[in-house]
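# Fold and geometry: a report
Residues per chain, in single letters:
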Amino acid sequence: MAIHPIEYRYGTEEMKHVWSEENRLVCIMKAEAALAKAEADVGLIPEDAAKIIEQSIENVELKRVKEIEDEIHHDMMAVVLAISEKCEEDASKWVHFGATSNDMLDTATGLQMKDAIEVMEPKIRQLLEVLLRQAEKHKETVCAGRTHGQIGVPTTYGLRFAIWAAEIGRHIERLEQLKPRVEVGQMTGAVGTQAAFGEKGIEIQKKAMEYLGITGVDVSNQIIQRDRHAEFVMWMANVVTTLDKIGVELRTLQRSELAEVEESFGKKQVGSSTMPHKRNPIKSEQICGLARIVRSMIEPELMNNTLWDERDLTNSSCERVVFPETCVLTDHILKLGIHVTDNLHFYPENIKRNLELLKGLNMGEAVMIELAKRGVGRQEAHEIVRTAAMQAHESGKHLRETLLANKDVSGYLNGEDVEKLVDPYRYTGTAVKQVEITVEKLRKQYL
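Residues numbered from 1 in each chain as written. Predicted model: local features only at pLDDT ≥ 70, side-chain atom pairs only at ≥ 80, totals over all residues. Heavy atoms only, no water.

### Focus: the overall build of the chain
When you go through the chain residue by residue, the secondary structure sums to 21 helices and 6 strands. Computed over the C-alpha atoms, the radius of gyration of the chain is 30 Å, more than 25% above the 22 Å expected from 2.2 N^0.38 for a compact globule of 447 residues. Seen through its principal axes, the chain has C-alpha atoms that stretch 100 × 55 × 35 Å. Taken across its 447 residues, the chain has 51% of its residues classed as buried. Sequence-distant contacts in the chain: of pairs separated by 6 or more residues, those separated by 24 or more amount to 76%. (Helix = DSSP H or I, 4+ residues; strand = E, 2+ residues; numbered from the N terminus. Rg over C-alpha atoms; globule rule 2.2 N^0.38 Å. Buried < 20%, exposed > 50% of the residue type's maximum accessible area, 1.4 Å probe, protein only. Contact = heavy atoms within 4.5 Å.)

Take a look at the structure:
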């Protein structure tokens, strides 16, 4: 019986596989095999035993591991015994030799996090490409900029997408930086001294990690320190927050009163069970909702770094929830984000309507700057334009009318000047150039 929505509603199969019980067991057994091979390399255990251990793990079944765990109530020892059952007697005594549970468990987590990153990284780069493509396509699509929910000076849709793309670019940069800190394992033994491995401990860990394709910690106690994992969780929270921000903006722009842009809507899609006309931004809303869950995982994982002495077990149960949920939901949100941003429908007539909605009031800055250039003090120009703007607002007139009726303005600007200044399509500054520079830079860096 499925209970958690991840089981039947959210997440990709590839990411679910990474955190499945079956793959977790495979990763743990890979760590056991790598340890045995490394120990054989340095002469700590017989070479034949290491080969048998490596071959035997292919025959270990999850069902049997669970049966043993039900009897002994220790998950890692259950794996050790299950592997030992499949080995010849001379080899079975060398399984898990010198190791502690978290040498295997934390190393397995390092392998899983490496796999999880490999699942997400292509998606975040694909998302970047979609945003850059939209930035290019709409670099000259002038629209109303808004601050405090109020219409301000014009901006462009291209600039909006470029800003989002630049943020995704920084997430990719952060991911590259954190990989060496997250894709790690350890073979340090009880409390981290490697005493059971003897003087070959450092070499054993190095060789084992080479077999696994990850790096080993420099120092540790009985567990890998959780600042590493917390950084990964915070990275995912940061990524989904960017998509949350995009989702909030798109939902706002899809409001009936604005209707500038809209999520794709299927021919047979239903918006409401009672209001047949509805075209709701449900995918963006799902992104925003699930982002809250991912962000909520930050504090638990930070607290998993504050354990008693060389270790306790409070992190274990917590991380069985934090790691798979955070990775599965982040991957799901990335997939949704790609779909939403790549399939947007724009309504140019509504973009134009909203841009001109205030009858020139949003062009007050352009007039103020020009008056200042022509000799009026900046502060005085601000007050002149503010007064004209308030008059236009109260009378319902276009700003050009109240400006031309103002002697303080007409002494510096004629009708043609004012007409140009209140044209929103002439006041986008370097927006187009900024987009072009950003697109070129991000493509070169990350794609």
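### Some thoughts on empty space enclosed by the protein
All told, the structure shown has 1 cavity of 30 Å³ or more when counted by the stated rule. Taken as a whole, the largest cavity encloses approximately 40 Å³ of empty space. Leu243, Ile246, Gly247, Leu250, Ser284, Ile287, Gly337, Val340 and Thr341 together form the lining of the largest cavity. With 4 residues, helix H11 (residues 227-253) is the single largest residue contributor to the lining of the largest cavity. For the lining of the largest cavity, the per-class residue count stands at 5 nonpolar, 4 polar and no charged. (1 Å grid on protein atoms, 1.4 Å probe; cavity = no way out; pocket = protein on both sides within 12 Å on 5 of 7 lines; lining within 4 Å. Points joined across faces, edges and corners; volume = space filled by probe spheres on them. Nonpolar A, V, L, I, M, F, W, Y, C, P; charged D, E, K, R; others polar.)

### Considering the environment of Glu47
Within the fold, Glu47 resides in helix H4 (residues 47-56). Classification of Glu47 by relative accessible area gives exposed; the value is 51%. Residues Glu47 and Glu118, spaced 71 residues apart in sequence, show a C-alpha to C-alpha distance of 33 Å.

### Description of the UniProt feature "domain: Adenylosuccinate lyase C-terminal" (unreviewed entry) in the chain
Within this numbering scheme, the UniProt entry marks residues 359-439 as carrying the feature "domain: Adenylosuccinate lyase C-terminal" (unreviewed entry). For the annotated span residues 359-439, helix accounts for 67% and strand for 0% of the residues, and the straight-line distance between the end C-alpha atoms is 33 Å. (UniProt positions renumbered as here; feature names shortened; annotations may be inferred.)

### Observations regarding the packing of helix H8 (residues 101-137) against helix H9 (residues 157-182)
H9 packs onto H8 with a crossing angle of 160° between their chain directions and a minimal axis gap of 9 Å. Classed by the angle they form, the pair H8 and H9 counts as roughly antiparallel. The way H8 lies across H9 gives a crossing that is left-handed. Class assignment for the residues of the contact of H8 with H9 results in 17 nonpolar, 5 polar and 4 charged. (Axes fitted to C-alpha atoms, helices over the stretch in contact; angles between N-to-C directions. Parallel < 35°, antiparallel > 145°, perpendicular 65-115°, else oblique. Left-handed = near helix turned anticlockwise from the far one by under 90°.)

### Topic: the layout of surface pockets
Roughly 870 Å³ of volume is contained in the largest pocket. Broken down by secondary-structure element, the contributors of at least two residues to the lining of the largest pocket are helix H3 (21-41), helix H5 (62-72), helix H6 (75-85), H8 and helix H14 (314-342). In terms of residue count, H14 provides more of the lining of the largest pocket than any other element does, 9 residues in total. Grouping the constituent residues of the lining of the largest pocket by class yields 14 nonpolar, 7 polar and 12 charged. By volume, the second largest pocket amounts to about 410 Å³.

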